[in-house]
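What follows is each chain in one-letter form.
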Amino acid sequence: MIHQERHMRKITSILALSFLLAGVIVSGLMCISSYSNLYHLQTASATKDKNTIVSTDSTSSTANTTQLSAKEVKPGVYNWIDANNASNPTLKVFADTKNIIKIQNPTDTKHQLIIDTGADELPSSDDINPNGSGQLSFSPNMTGTFTYHCAYHPFTMKGTIQIVSSGGSKP
Ligand SMILES: [Cu+2]
């Protein structure tokens, strides 16, 4: 009888230990799952922050914008002109800054602005159709004096472009 009681007590303590172990395992799993939820949340918010920065960069308030227009100065002869009506003006843009050159084409032929930076792939506006508009955007990582031209009128639509240091402040 005593032996049986001791045996029962042993079974009871084994059962209690099993419940305790099960409890530890379950709470451990819950911890892991809540930790991974937290981790996912952090990843999601980091991605959101990144998107916010990208959309801020693409607003015109942080970009240096220049206006340029094609103009037929004589029959069949085209120039680039700026907002002050200067022909083939010297453009000034900033290094380490997003520069946008907005281009109007009120002529009856297409134009394409290209900046001769010497890079493998030159910054280009692509074709700007007659009575259309387009833009060239680039963020040079160097300073210096370069030239720009039109792909279709390289001898009459050309000028100088200066890439100057942004001096740590956006223009
Ligand atoms: Cu042209």
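No experiment lies behind these values; they were computed from the predicted model shown. (Residues numbered from 1 in each chain as written. Predicted model: local features only at pLDDT ≥ 70, side-chain atom pairs only at ≥ 80, totals over all residues.)

Colleague: I would appreciate a short explanation of the overall build of the protein in the present structure.
Modeller: Helix and strand counts for the protein stand at 1 helix and 8 strands. Going from the N terminus to the C terminus, the protein shows its helices and strands as α-β-β-β-β-β-β-β-β. Counting over 171 residues, the protein shows a buried share of 15%. Of all intrachain contacts in the protein linking residues separated by at least 6 positions in sequence, the fraction that spans at least 24 positions is 60%. (Helix = DSSP H or I, 4+ residues; strand = E, 2+ residues; numbered from the N terminus. Buried ≥ 20, exposed ≤ 12 C-beta atoms within 10 Å, placed from the backbone. Contact = placed C-beta atoms within 7 Å.)

Colleague: Help me out: how do you make sense of the confidence of the model for the protein in this one?
Modeller: Detailed reading of the predicted model is not advised wherever pLDDT is low. Summing up the model confidence of the protein, the mean pLDDT is 78 and the portion of residues at 70 or higher is 61%. Within the model, pLDDT remains below 50 along residues 31-60, and this stretch shows 4 contacts once partners closer than five positions in the same chain are excluded. (pLDDT = per-residue confidence, 0-100.)

Colleague: Quick question: what am I supposed to make of the sheet that holds strand 2 (residues 77-81) here?
Modeller: One key point about sheets: their strands pair by backbone hydrogen bonds, in either a parallel or an antiparallel sense. Within the open sheet, the 4 strands sit side by side as 2-1-4-6. Their pairing is mixed. A strand with exactly one partner marks an edge of an open sheet, and here the two such strands are strand 2 and strand 6 (132-138). The average angle at which neighbouring strand axes cross in this sheet is 20°, direction not considered. The sheet contact formed by strand 1 (residues 64-74) and strand 2 spans 5 bridges and is antiparallel. Residue Lys74 lies in a different strand from strand 2, and its bridge partner there is Val77. (Pairing = 2+ DSSP bridges. Axes fitted to C-alpha atoms, helices over the stretch in contact; angles between N-to-C directions.)

Colleague: How do you make sense of unusual backbone geometry when you look at a structure like this?
Modeller: Generally, phi is negative for residues other than glycine and the peptide bonds are trans, each holding for most cases. We note that Asp96 has phi near 55°; this positive angle belongs to a residue other than glycine. Structurally, the position occupied by Asp96 is in the loop between strand 3 (91-94) and strand 4 (99-105). Positive phi values are uncommon outside glycine, yet Asp126 reaches one of about 65°. As for its placement among the helices and strands, Asp126 is situated in the loop between strand 5 (113-116) and strand 6.

Colleague: Can you walk me through the nonpolar core in this structure?
Modeller: Note on soluble globular proteins: their nonpolar side chains tend to be buried together. Core analysis: the biggest nonpolar cluster contains 17 residues, and Leu68, Val93, Ile101, Ile103, Leu113, Tyr148 and Ile161 have the highest contact counts within it. Elements with a minimum of two residues in this core: strand 1, strand 3, strand 4, strand 5, strand 7 (144-150) and strand 8 (158-164). The biggest single contributor to this core is strand 3, with 3 residues. Residue contacts for Tyr148: discarding those within four places in its chain leaves Leu91, Leu113, Ile114, Ile115, Asp116, Lys158, Gly159 and Ile161. (Core = buried A, V, L, I, M, F, W, Y, C linked by C-beta atoms within 7 Å.)

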